[in-house]
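This is what each chain is made of:
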Amino acid sequence: MIGRRLCGEVEDVQRCSASVPEPPDTAPDPGAGLSGALAGIVSGARRRALRDGDEQIDTAHLLHSLLQEDPRCREVLRPHLARLLGLLVQRSIGYGLRWQGTVEDSGSLPALGHAGWSPAASLAMDRARERAATRGGTRDPRPVDLLAALAADPDCRAVALLRDAGGEPEPLLAALDEDEAPGHREGDEYVRPLDVSDLRARHGEP
């Protein structure tokens with residue numbers, strides 16, 4: 001459950017973490033070895049982190065990239081899509097400023113890991129790979145695997161955004177689990193990435 005805590009004199013909708021030095025690079029890059037759509041999504045999240053002046057990719061960066069690039073992720077979040085994108089495009093100009101200089105630690109997760117990733121984002125990538133492995137063989141994780149991994153962490157920033165947009169993670173997880181049901185087959189048709197330039201212009205983001 002996302003509670004409200006007091007960090008100094010600033011009240012936040014999530015746990016507040018004091019500004020800390022960047023953790024040592026003690027683990028492999030969670031995005032290493034990816035291919036296909038998910039590799040592009042991670043690259044997009046990395047660009048967003050740099051653009052927003054963040055030292056780490058966090059789960060909100062990953063969610064933004066998933067919504068921008070993957071049609072299935074947009075489909076399952078369609079009831080909240082406009083509100084989510086409206087919040088995400090304000091990351092660098094308002095909504096996400098409370099996260100600057102803090103580490104997304106999702107509770108008891110250790111702060112150590114790859115320096116370019118928040119512990120919660122790194123864990124989500126691990127869970128995405130685990131979800132892909134349950135399908136058998138050596139199948140690479142898909143964007144929906146990462147979205148399911150984000151939804152499975154109730155204390156991450158991606159879920160905070162979802163709740164602020166009026167959604168909850170449980171129905172999202174149920175919809176994604178339907179993708180793994182026998183007889184379900186993902187379409188191969190390419191869908192152009194979502195154009196959010198109008199939302200960015202509306203909120204004054206370059």
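Residues numbered from 1 in each chain as written. Predicted model: local features only at pLDDT ≥ 70, side-chain atom pairs only at ≥ 80, totals over all residues. Heavy atoms only, no water.

Digging into the overall build of the protein
Reasoning step 1: Helix and strand counts for the protein stand at nine helices and two strands.
Reasoning step 2: Tracing the protein from N to C terminus, the helices and strands come up as β-β-α-α-α-α-α-α-α-α-α.
Reasoning step 3: Out of the 206 residues in the protein, the part that is buried amounts to 47%.
Reasoning step 4: Counting contacts in the protein only where the partners sit at least 6 residues apart, residues at least 24 apart contribute 68% of the total.
Reasoning step 5: Carbon and sulfur atoms form 53% of the exposed surface of the protein, whose accessible area is close to 10,300 Å². (Helix = DSSP H or I, 4+ residues; strand = E, 2+ residues; numbered from the N terminus. Buried < 20%, exposed > 50% of the residue type's maximum accessible area, 1.4 Å probe, protein only. Contact = heavy atoms within 4.5 Å. Areas by Shrake-Rupley, 256 points an atom, 1.4 Å probe, with all protein chains shown as cover.)

Quick look at the nonpolar core
Reasoning step 1: In this structure, Leu 63, Leu 77, Leu 146, Leu 147 and Leu 161 are the most contacted members of the largest nonpolar core, which totals 44 residues.
Reasoning step 2: At the level of secondary structure, the elements contributing two or more residues to this core comprise helix H1 (36-51), helix H2 (59-69), helix H3 (71-76), helix H4 (81-88), helix H5 (119-133), helix H6 (143-151), helix H7 (157-164) and helix H8 (169-178).
Reasoning step 3: The biggest single contributor to this core is H6, with seven residues.
Reasoning step 4: Excluding its chain neighbours within four sequence positions, the residues that come into contact with Leu 77 are Leu 63, Leu 67, Leu 84, Leu 147, Leu 162 and Leu 172. (Core = buried A, V, L, I, M, F, W, Y, C linked by side-chain atoms within 4.5 Å.)

Some words on the side chain of Ser 118
Reasoning step 1: Residue placement: Ser 118 occurs in the loop between H4 and H5.
Reasoning step 2: Excluding residues within four positions of it along the chain, Ser 118 makes contact with Gln 56, Ile 57, Asp 58, Thr 59 and Glu 104.

Considerations on the environment of Leu 63
Reasoning step 1: Position of Leu 63 relative to the elements: it lies in helix H2.
Reasoning step 2: A relative accessible area of 4% places Leu 63 in the buried class.
Reasoning step 3: In this structure, the C-alpha to C-alpha distance between Leu 63 and Cys 73, residues ten residues apart in sequence, is 9.1 Å.
Reasoning step 4: With sequence-adjacent residues up to four places away left out, Leu 63 is seen in contact with Leu 77, Leu 84, Leu 88, Leu 147, Leu 150, Ala 158 and Leu 161.

Examining H7
Reasoning step 1: Counting buried residues in H7 gives six out of eight residues, a clear majority hidden from the surface.
Reasoning step 2: For H7, the secondary structure elements touched by its buried residues are H2, H4, H6 and H8.
Reasoning step 3: Among the residues trailing H7, Gly 166 stands out with phi positive, at a value near 95°.

Here we look at the pattern of salt bridges
Reasoning step 1: A complete count under the given rule lists eleven salt bridges for this structure.
Reasoning step 2: For Arg 46, the salt bridge identified is with Asp 29, shortest N-O distance 3.7 Å. Pair noted here: Arg 46 is in helix H1 and Asp 29 is in the loop between strand E2 (10-12) and H1, with a separation of 17 residues, a long-range link.
Reasoning step 3: Taking the relative accessible area as the measure of exposure, Asp 29 reaches 25% and is therefore partly exposed.
Reasoning step 4: Linking Asp 58 and Arg 157 is a salt bridge whose minimum nitrogen-to-oxygen distance equals 2.7 Å. Within this pair, whereas Asp 58 is found in the loop between H1 and H2, its partner Arg 157 is found in helix H7, the two being separated by 99 residues in sequence.
Reasoning step 5: On the basis of relative accessibility, which here comes to 2%, the residue Asp 58 falls in the buried class.
Reasoning step 6: Via salt bridges that share partners, Arg 131, Arg 135, Arg 142, Asp 145 and Asp 177 belong to a single interconnected network. (Salt bridge = Lys/Arg side-chain N within 4 Å of Asp/Glu carboxyl O.)

Here we look at the packing of H6 against H8
Reasoning step 1: H8 packs onto H6 with a crossing angle of 150° between their chain directions and a minimal axis gap of 9 Å. The angle between H6 and H8 places the two elements in the roughly antiparallel class. In the crossing of H6 with H8, the sense of the turn from one axis to the other is left-handed. Contacts from Val 144, Leu 147, Ala 148 and Ala 151 in H6 reach Pro 169, Leu 172, Leu 173 and Leu 176 in H8.
Reasoning step 2: Considered class by class, the residues forming the contact of H6 with H8 number eight nonpolar, no polar and no charged. (Axes fitted to C-alpha atoms, helices over the stretch in contact; angles between N-to-C directions. Parallel < 35°, antiparallel > 145°, perpendicular 65-115°, else oblique. Left-handed = near helix turned anticlockwise from the far one by under 90°. Nonpolar A, V, L, I, M, F, W, Y, C, P; charged D, E, K, R; others polar.)

Some points on the packing of H4 against H7
Reasoning step 1: The interhelical angle for the contact between H4 and H7, taken along N-to-C directions, is 125°, at an axis separation of 9 Å. Of the possible angle classes, the one that applies to H4 and H7 is oblique. As H4 packs across H7, the resulting crossing turns out to be right-handed. Mapping the contact onto sequence places Arg 83, Leu 84, Leu 87 and Leu 88 in H4 and Leu 161, Leu 162 and Asp 164 in H7.
Reasoning step 2: Here the contact of H4 with H7 is composed, by residue class, of five nonpolar, no polar and two charged.

Purely spatial values, then, with no claim about function.
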